[in-house]
Amino acid sequence: MQADYQALYKNLAEKSKAHADASGAHLLQRQDEAVGMLLLWLDHLCATEATGTADILLVGVRAAAVEVAGCLSLGLVRPALLALRAEIDMILSWLYFKDHGVEWEQVEEVGQGFKLKSEVIEYCEKQNVRFPRFNTRYKLLEQRKRRREKDPYRLLSAHLHSQVSKTFPAPTLEGLINPRGLCEECIEVQQEVVEYLNDVLFSCFAEKWTILPPPIMRSVLARLNEDQRRAFFFDKK
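One structure accompanies this document, and this report is about it. Remember, predicted model here, so these are calculated numbers, not experimental data.

1. Observations regarding the nonpolar core
Nonpolar side chains tend to gather and get buried jointly when the protein is soluble and globular.
Consideration 1: Core analysis: the biggest nonpolar cluster contains 64 residues, and L95, F202 and F205 have the highest contact counts within it.
Consideration 2: Apart from the residues within four sequence positions on either side, F205 is in contact with W41, L45, E49, W94, L95, K98, F131 and L212.

Structure (structure tokens):
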């Protein structure tokens, strides 16, 4: 029996519109609030750390945040989760490629030489000149994390690979449109991604703390007691 594609499309469009009419504006606002600290970082990095190499990745992070907002306003949680993973991938890739023009050129021209998350983190740990005491600083922030997931990238990767039953895609078209509550949970994941990236970036650029945006400084200092602040900024061990 041939499917009634017009009816299937109409049902999908109506369900998505109903979701957008009821919750779209609210979810756009929630996402905008959740991503605020990341946008501050992007503005700061573009103004102070851009090298002319791979800076397009910072633009891509902003675009991914917009994609999350758009998807959730329509009830599309799964593609929003994949966009969240892209935020992490692009920020970390930028940390490496901004100082590796030849390698970035290879990625752009032939699509080879991409860096895994683990490779970039290891690179940051070893770059004592570019990112002094990265590992020590990151561990201090990790000890005082507010996010539930130690590494939200793992959660997002599970959805990407879909090898666990809870991460399977919807088997029907109308199942693509998720309820508001699930979209709200996705925004909570966005908040966790922002804190994770904030901790990575702050650990990279803490030596330049005097020029960091005040809201970023306040958000980090609020999580550290006096001894931890001293160890974070001044201890050279």
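Past the structure itself, the notes keep going.
2. Examining the packing of aromatic side chains
Consideration 1: Applying the stated rule across the entire model yields eleven aromatic pairs.
Consideration 2: Plain terms: the ring middles of F97 and W104 are 5.5 Å apart, the flat faces sit at 55 degrees to each other, and that makes the pair tilted. The pair formed by F97 and W104 is uniform in burial state, with each residue classed as buried.
Consideration 3: Members of the aromatic cluster, each reached through a chain of ring pairs, are Y96, F97, W104, Y123, F131 and F205.
Consideration 4: In this structure, K98 packs its charged tip against the face of W94, placed 5.5 Å from the ring centre.
Consideration 5: The ring centre of F232 lies 5.6 Å from the NZ or CZ of R137, which sits over that ring.

3. Topic: the environment of V107
Consideration 1: Position of V107 among the secondary structure elements: in helix α5 (residues 101–110).
Consideration 2: Accessibility expressed as a relative area gives 7% for V107, which makes it buried.
Consideration 3: Between the C-alpha atoms of V107 and L221, which are 114 residues apart in sequence, the distance is 37 Å.
Consideration 4: Setting aside residues up to four positions removed in sequence, V107 forms contacts with F97, Q112, G113 and F114.

4. A closer look at the pattern of salt bridges
Consideration 1: Within this structure, the stated rule accounts for 18 salt bridges.
Consideration 2: Close ionic contact of K117 with D151 constitutes a salt bridge, the shortest N to O distance being 2.8 Å. With a gap of 34 residues between them, K117 in helix α6 (residues 117–126) and D151 in the loop between α7 (134–143) and α8 (152–161) connect regions that are remote in the sequence.
Consideration 3: D151 sits in the buried class, given a relative accessible area of 16%.
Consideration 4: Salt bridges sharing common partners tie together R147, E195, D199 and R223.

5. Regarding the layout of surface pockets
Empty space among the atoms can be located by rolling a probe the size of a water molecule over them.
Consideration 1: One number sums up the size of the second largest pocket: a volume of about 250 Å³.
Consideration 2: In this structure, the second largest pocket is lined by 14 residues; those nearest its centre are M37, Q191, V194, E195 and S219.
Consideration 3: Mapped by element, the contributors of at least two residues to the lining of the second largest pocket are α1 (5–34), α2 (36–48) and α9 (180–205).
Consideration 4: No other element matches the five residues that α9 contributes to the lining of the second largest pocket.
Consideration 5: Taken together, the residues of the lining of the second largest pocket break down into three nonpolar, four polar and seven charged.

6. A short note on the environment of Q112
Consideration 1: Within the secondary structure, Q112 sits in the loop between α5 and α6.
Consideration 2: In this structure, the C-alpha to C-alpha distance between Q112 and L42, residues 70 residues apart in sequence, is 26 Å.
Consideration 3: Look past the residues within four positions of Q112 in its chain and what remains in contact with it is Q106 and V107.

Parameters at a glance
Residues numbered from 1 in each chain as written. Predicted model: local features only at pLDDT ≥ 70, side-chain atom pairs only at ≥ 80, totals over all residues. Heavy atoms only, no water. Core = buried A, V, L, I, M, F, W, Y, C linked by side-chain atoms within 4.5 Å. Buried < 20%, exposed > 50% of the residue type's maximum accessible area, 1.4 Å probe, protein only. Contact = heavy atoms within 4.5 Å. Phe/Tyr/Trp six-rings, centres within 6.5 Å; stacked < 30°, edge-to-face > 60°. Lys NZ or Arg CZ within 6 Å of the ring centre and 35° of its normal. Helix = DSSP H or I, 4+ residues; strand = E, 2+ residues; numbered from the N terminus. Salt bridge = Lys/Arg side-chain N within 4 Å of Asp/Glu carboxyl O. 1 Å grid on protein atoms, 1.4 Å probe; cavity = no way out; pocket = protein on both sides within 12 Å on 5 of 7 lines; lining within 4 Å. Points joined across faces, edges and corners; volume = space filled by probe spheres on them. Nonpolar A, V, L, I, M, F, W, Y, C, P; charged D, E, K, R; others polar.

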